[in-house]
Amino acid sequence: MTKEFNVLITGVGGQGVILMSELLGKSAVKEGLKVRGSEILGMAVRGGSVTSAIRIGKDVYGPLIPTGKCTALVGMEPSEALRNISFLSKSSLVIVNTAATIPFTVSLGESTYPDMEQVLEKLGKAAGRIVELDATKIAQEAGSRLTANIVMLGALFGAEQLPIKTAAIKETIEERFPSKAAPTNIKAFDLGYQACRQALK
Amino acid sequence: MKELTISSDAPGERLFVLGNEAIARGAIEAGVQVAAAYPGTPSSEILETLAGVAKGLDMYAEWSTNEKVAFEVALAASICGIRSMASMKHVGVNVAHDPLMTAGYMGAKGGLVLVSADDPWAWSSQNEQDNRYIALQGYIPVLEPSSVQEAKDMMADAFELSEEFKHLFMFRSVTRIGHARGDIVLGKIARERRKGQFVKDRTWLVYTPREARINKPLMLERFDKIKKRVNTLPYNQLKLADGARLGVVACGLSYSYTLEALKWLGIEDRVSLLKIGTPHPLPEELVIKLLSSVKEVLIAEELDPFVELHVKAIAGENNIPVKIHGKDRLPRIGELSTRKVTEAIADLTKSKPPLDFGRLDKLEKETAPLLPWRPPALCPGCSHRASHYAIRVASKRVARDYGQDIEPIYPGDIGCYNLAYNPPQEAVDTTICMGGSFGIANGLAHVIEAPIVAHLGDSTFFHAGIPPLINAVYNKANVTMVIMDNSATAMTGFQPHPGTGYTAMGEKAVQLKPEDIAKACGVEFVEVVDPFDLKKATETMEKAIRFPGPAVVVSRRLCAMIEQREKRKRKEAIIPYRVDQDKCNEKCNACIELLGCPALIKEDGRTVIDSALCTGCGLCAQVCPYKAIVEEKP
Ligand SMILES: Cc1ncc(C[n+]2csc(CCOP(=O)(O)OP(=O)(O)O)c2C)c(N)n1
Ligand code: SF4
Ligand code: SF4
C-alpha cells in the first residue's frame, strides 16, 4: 500500500475546494486506502482563503500535511497556491489554475495582487514540476464555468501519480452529481486530464 | 448494494466522513435518544447529522435557543433514564456553565454526554479557551480522541461509561477532529429504545444547600472510581521503549502528530510513548510507570499546560526524579502540528531534523509581501451591508448634534454582520460574545455622551439579546438596538431558529418576531425596515437614535446566500447591475469605498461589476452620486 501521498487543495471560498477533497477521499476509500484530511471552514468561507488536505497511505496519521511534505498541490487560484509555498519540496507537483480571483482589498487600494510571472516563478523554484492551466476557460468548454474544480481534479489524475484509479473517481463524480449534471462534470474531468497530459509531454 | 450512509446498520463497513459525522455516528451506535445543541463552529455538523436521521431512528433532535437550554434538555432526558447529549462550541459551554456546575453533583441516570468543540488558533471564534479547565472545575471526566475513527468509538463508549459510573462525561473535540475527514469502520447500532420515567427524588434533583452538602461527597466518590478505571481504558496506552531516555505524553490529537514525528525522525523504537485519551482524570498508574522509566518527558498537548500541570504534580507527589518539558518546548497558542512536535523531539533527542525547516520559513517570509490580503467579507447582496450603511449615515447625522468631534459608537456582536469590521465599512467597535452588543451598549449609555447604536442578528437576539434589552428598558439606557433579521443563523451554516418557523427536524413551528418581543418588553420605539430601501431605513434609524430612551429597529431581509439558492431552485433569473461607463466618474469610487461589495471591482482603472458575483440587490445604485449604476436589461 502507498506509504504517504499528500494532496493540498487551495483556493477561495466558493470555488468548490471542499467538494474536491470529498470526491478524492471517497474514491480513495473505495480503493481500500487509508485516508486522512482536514479543511478550514468557518470565518474563511465568505470569500476568504480555503485550504483542504487529503492524505492517503499507511504512514499517515494526522489530519494536516506537514510543511515540506506535499506531494501534489492543486491551486484553484494562483495567489492562494503561492500562500502555501512552505508545503512544497523539490519532489512536489504543482497544478495551478491561472485564472486569478482578485480580492476586494485590491480594488480598495489596501493591498496588491502579484503578477502571474512572479507567482509561477516562485512556485516553479520551490516545486519539482509545475503545470499551469486556465481551468475556468476549460470549464466553459466543458459546458459550465462551475466545473473548474472538476477540471483541476481531472488534471491531478492526468499527472498519473495518484494511487487511485481514474475509474474510481469517475464513479464517485457520477454518484455525486444529479444525472443531468454528471456528463458535464465528466467532460470537465476528461478535459482537465488531457490538458495535464499535454502540459507534461 | 444500497449506498452506505451515516445511519446504515452495517458493522464492519468503511465510510469516509467528516469528524463531526463520526461523532454523530458514535452517538447513533450508542442508541442516543435525545440530542440538543446550539450551532457553533466547529460543532454544528454533529446535530445537523443527527437531526437529518432522527426520525428514522426514533430519536429526538433539536436546535435549542442557546447552549444552556440545550444542556438542560439533555440533562432532563438523562434524569428520566434516557441516553442524551448536548453539543456546542467551546464558548457555548460558558453559556451552559451554570447548570453544568451542578450536573456533576447530580450524576447521570441515562448516559449523558456533553460535546465541547474547542477551537485552537480560534479559526472561527473569539478566543481559544481550553475547556478541560471547565471540566476540572465541575468534576467532569473528559474523553479526547486522537483521530476521526477514535472519535466515533469514544463517543459510543462515552454513553456506556456515563451509565457505568452514573456520571456525566465531557467529550472534547477540536477543530482538527470535527473538521477533519477520514475513513471509519462502522459498528453496530443499538436498537434499544427506552421510555422516559421521571421518578421524584429530592435528594439528588432539588438543590438546596442541604443537597449540595449531601451530594458533593457522593460526586467525589464517583470521581475516584473513574480515576481508577481510566488506567485500563483502551484510550490510554503506554508503550515503553527499551532503554529510552525520553518519554512523550501525547494528549488527544497530539498523539497523531507524535506518531508521525517519531516516524519522520526514524526513532519510534527509542522513545517511550504514553497516549492520553482521558486528560481528566489522568491514568495515574500509567503516568507513574512512564515517569519512572525515563530521564526526560515531553508533554505534547494543544493550548494550556493542563496535562503538564497534573503530570508534574504526580511526579512531585511520588518523588520521581525526571525532567518534565511541555510549554517550554511547544506553544500555548494555536494548534500543534507534526512539524512542531518533530522539532521539539529532535531537539530533546539530539536527532537531526528531517528537513531544513529554516529554509521553508525563509521562503514563506520572502513570499508574504507578494500576497494579497484576502479577509472574509460580507457576500455580494448581503442585507447586513445595507443595514450597516443606514446605521452609519443616520448615527453620524445625529452625532453632529452632540458636538463637533463626537463619534457614534457601534457595539457589535457575533454573526456575519461582524465581517463589516474590516475596511471599508469599519462599522463594528466591539465584539466580545453573543449578546454582548446590547450588554455593552447598556454600560456605555451611562458613561458616554454619543449616539450608541448596537446591532446583533436574529439568532443571537433569541440566544442572548433579550435580557440586555429588558435591562435597557428597566434601567433607562438611551441606546438604539438594531436586530439584523436575515431569517437564519447564517454564520454557522444557516441553521433554523425560533424566528424561522421550522425546527431542526424540519417540522413547522410558531414563528416568533423580535419586534413583538421588544414591544412586550416595554420598548416604546419599535420599527421594522427593509434595509434595501436605503432612504427609508436611514430615516427610521435616525428617528430611533434621536428617540430619548431605548429604541429597537428590526432590519429585515433574507440572507442573500439563501435567497440566491432558492432563486436557483425556482429557476428564477438573477439580474445583475452594471456600471454605465458614460456616466461613471472614474475618480469617484464611492460605491467601492462605501460598500465594499466583492462584486464591485476595478478593471484598468474603471469601476465595473462582476456579473457572475452580483446578486442584483441594487444597493450600489442607491449610493452612486452619478446615477451610473443601472439594472442589466434581462
Ligand atoms: C456562545 C456562542 N455560541 C455559538 C457561537 C457561534 N456563532 C457565531 S455567530 C452565531 C450566530 C449567527 O446568527 P445571527 O446572529 O442570526 O447572525 P447571521 O450570521 O445570521 O448574520 C453563532 C451561533 C458563538 N460565537 N458563541
Ligand atoms: S451568508 Fe448571508 S448573512 Fe452571511 S454574509 Fe452572506 S449574505 Fe450576508
Ligand atoms: S447590485 Fe451592487 S451592491 Fe448589490 S451585489 Fe450587485 S454590485 Fe454588489
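Conventions we followed
- Sequence order as written defines residue numbering, which begins from 1 separately in each chain.
- Chain letters and ligand numbers both follow the written order, the letters beginning at A and the numbers at 1.
- A pLDDT threshold of at least 70 governs which residues receive local features in this predicted model, and a stricter bar of 80 or more applies before side-chain atom pairs are shown or counted, although totals over entire chains, interfaces and linings include all residues.
- Note: side-chain values were computed over all heavy atoms of the structure, leaving out hydrogens and water.
- For this purpose, a residue is taken to be near a molecule or strand whenever a single non-hydrogen atom of the residue falls within 4 Å of it.
- When residues are sorted by character, Ala, Val, Leu, Ile, Met, Phe, Trp, Tyr, Cys and Pro go into the nonpolar class, Asp, Glu, Lys and Arg into the charged class, and all the rest, Gly among them, into the polar class.
- Per the convention used, a helix needs a DSSP run of H or I reaching at least four residues, while a strand needs a run of E reaching at least two, with both numbered from the N terminus.
- A 1.4 Å probe rolled over the protein chains alone gives each residue an accessible area, and that area as a share of the maximum for its type sets the label: buried under 20%, exposed over 50%, partly exposed in between.
- For this analysis, residues touch if any pair of their heavy atoms sits within 4.5 Å.
- Should a side-chain nitrogen of Lys or Arg be within 4 Å of a carboxyl oxygen of Asp or Glu, the pair is scored as a salt bridge.
- Two strands pair under a simple rule: DSSP has to find at least two bridges between them.
- By the criterion used throughout, a crossover qualifies as right-handed when its path from the first strand across the helix to the second strand runs clockwise, the strands pointing away from the viewer.
- Only buried residues count toward a nonpolar core, which is a set of Ala, Val, Leu, Ile, Met, Phe, Trp, Tyr and Cys residues joined through side-chain atoms within 4.5 Å.
- Segment limits for the domains were obtained from an automatic or database-derived domain assignment.
- Pairs of N or O atoms are called polar contacts if they sit within 3.5 Å, as long as, within protein, a hydrogen donor faces a hydrogen acceptor (for residues adjacent in sequence, only side-chain-to-side-chain pairs).
- Here, Shrake-Rupley sampling with a 1.4 Å probe gives the accessible areas, and only protein chains in the shown set may cover a residue.
- Note on aromatic pairs: the rings of Phe, Tyr and Trp (six-membered ring only in Trp) are paired at centre separations within 6.5 Å, and the planes decide the class, stacked below 30 degrees, edge-to-face beyond 60, tilted for the rest.
- Reported buried area values correspond to the accessible surface (1.4 Å probe) lost by two parts on association, with both partners' losses combined.

## Remarks on the site of ligand 3
- The environment of ligand 3 is formed by B:Gly381, B:Tyr577, B:Cys597, B:Ala599, B:Leu600, B:Ile609, B:Cys614, B:Thr615, B:Cys617, B:Gly618 and B:Cys620.
- By residue class, the composition of the shell around ligand 3 is eight nonpolar, three polar and no charged.

## Quick notes on the side chain of B:Asn486
Residue and element names in this part refer to chain B.
- Along the chain, Asn486 falls in the loop between β15 (480-485) and α19 (514-520).
- Residue Asn486 is classed as buried on the basis of its relative accessible area, which comes to 5%.
- Once residues within four sequence positions are removed from consideration, Asn486 is found in contact with Ser383, His384, Asp458, Arg557, Leu558 and Cys559.

## Topic: the pattern of salt bridges
- Counted under the stated rule, the structure contains 56 salt bridges over all chains.
- One salt bridge in this structure joins A:Lys125 and A:Glu121, with 3.6 Å as the shortest N-O distance. Remark: A:Glu121 and A:Lys125 occur in helix α4 (residues 116-126); sequence separation between them is four residues, near one turn of the helix.
- Judged by its relative accessible area of 60%, A:Lys125 is exposed.
- Close ionic contact of B:Glu160 with B:Arg83 constitutes a salt bridge, the shortest N to O distance being 3.5 Å.

## Examining the pairing of strand β16 (residues 525-529) of chain B
Residue and element names in this part refer to chain B.
- Two elements, β16 and strand β17 (residues 551-556), share five bridges in a ladder whose sense is parallel. Opposite Val526, over in β17, you have Val552 as the bridge partner.
- This β-α-β element, β16 to helix α20 (residues 534-546) to β17, shows right-handed connectivity.

## Some details on the nonpolar core
All names here are of chain B.
- Judged by nonpolar contacts, the single largest core of 70 residues is most densely connected at Met85, Met155, Val248 and Ile345.
- Of all the elements, helix α7 (residues 148-164) adds the most residues to this core, at seven residues.
- There are two domains that each give this core at least three residues, and those are domain 1 (14-231) and domain 2 (236-368).
- In this view, Ile345 contacts Leu246, Val248, Thr258, Ala261, Leu262, Leu265, Ile267 and Leu298; residues no more than four positions away in its chain are not counted.
- Of all hydrophobic cores here, the second largest spans 64 residues; its members include Val526, Met541, Ala551 and Cys584.

## Some thoughts on the environment of B:Pro354
Residue and element names in this part refer to chain B.
- Position of Pro354 among the secondary structure elements: in the loop between α14 (338-349) and α15 (357-367).
- Classification of Pro354 as partly exposed rests on a relative accessible area of 30%.
- Not counting residues up to four positions away in its chain, the partners in contact with Pro354 are Trp264, Leu265 and Thr342.

## Considerations on the site of ligand 1
All names here are of chain B.
- The full set close to ligand 1 counts 26 residues, and Glu67, His384, Tyr417, Thr460 and Ala490 are the nearest of them.
- For ligand 1, an oxygen atom lies 3.0 Å from a polar atom in the side chain of Asn486.
- Backbone polar atom of Ala490 to an oxygen atom of ligand 1: 2.8 Å apart, as the coordinates give it.
- Out of a free accessible area of 590 Å², ligand 1 has 98% covered by protein chains.
- Top contributing element to the shell around ligand 1 by residue count: helix α18 (residues 458-474), with four residues.
- In terms of residue class, the shell around ligand 1 is made up of 11 nonpolar, 12 polar and three charged.
- When residues of the shell around ligand 1 are assigned to domains, at least three map to each of domain 1 (14-231) and domain 3 (383-567).

## Quick notes on the packing of aromatic side chains
Residues and elements named next belong to chain B.
- Going through the model one piece at a time under the given rule, you end up with eight aromatic pairs over all chains.
- Aromatic side chains Tyr133 and Phe306 sit 5.1 Å apart centroid to centroid with 85 degrees between the ring planes, which places their arrangement in the edge-to-face category. Taken together, the positions of Tyr133 in helix α6 (residues 132-138) and Phe306 in helix α13 (residues 306-317) put the pair 173 residues apart, joining distant regions of the chain.
- Their ring planes at 70 degrees and their centres at 5.7 Å tell us that Phe461 and Phe462 sit as a pair that is edge-to-face.

## Remarks on the domain arrangement of chain B
Residue and element names in this part refer to chain B.
- According to the domain assignment, chain B contains domain 1 (14-231), domain 2 (236-368), domain 3 (383-567) and domain 4 (573-631).
- When each unit is reduced to the centre of its C-alpha atoms, the spacing between domain 1 and domain 2 is 28 Å.
- Domain 1 puts 30 residues into the contact, and the matching count from domain 2 is 32 residues.
- Taken together, the two surfaces of domain 1 and domain 2 that pack against each other cover about 2,400 Å², and 58% of this comes from carbon and sulfur.
- Summed over the shared surface of domain 1 and domain 2, the number is four salt bridges.
- Here Glu150 and Lys275 are joined by a salt bridge, their closest N and O atoms 2.7 Å apart.
- For the interface between domain 1 and domain 2, the tally reads 16 residue pairs in polar contact (both at pLDDT 80 or more).
- Of all the secondary-structure elements, those providing two or more residues to the side of domain 1 that touches domain 2 are α6, β6 (142-143), α7, β7 (169-174), α8 (175-178) and α10 (209-229).
- When residues of the side of domain 1 that touches domain 2 are assigned to their parent elements, the largest contribution, four residues, is made by α6.
- Across the side of domain 1 that touches domain 2, the residue classes tally to 18 nonpolar, four polar and eight charged.

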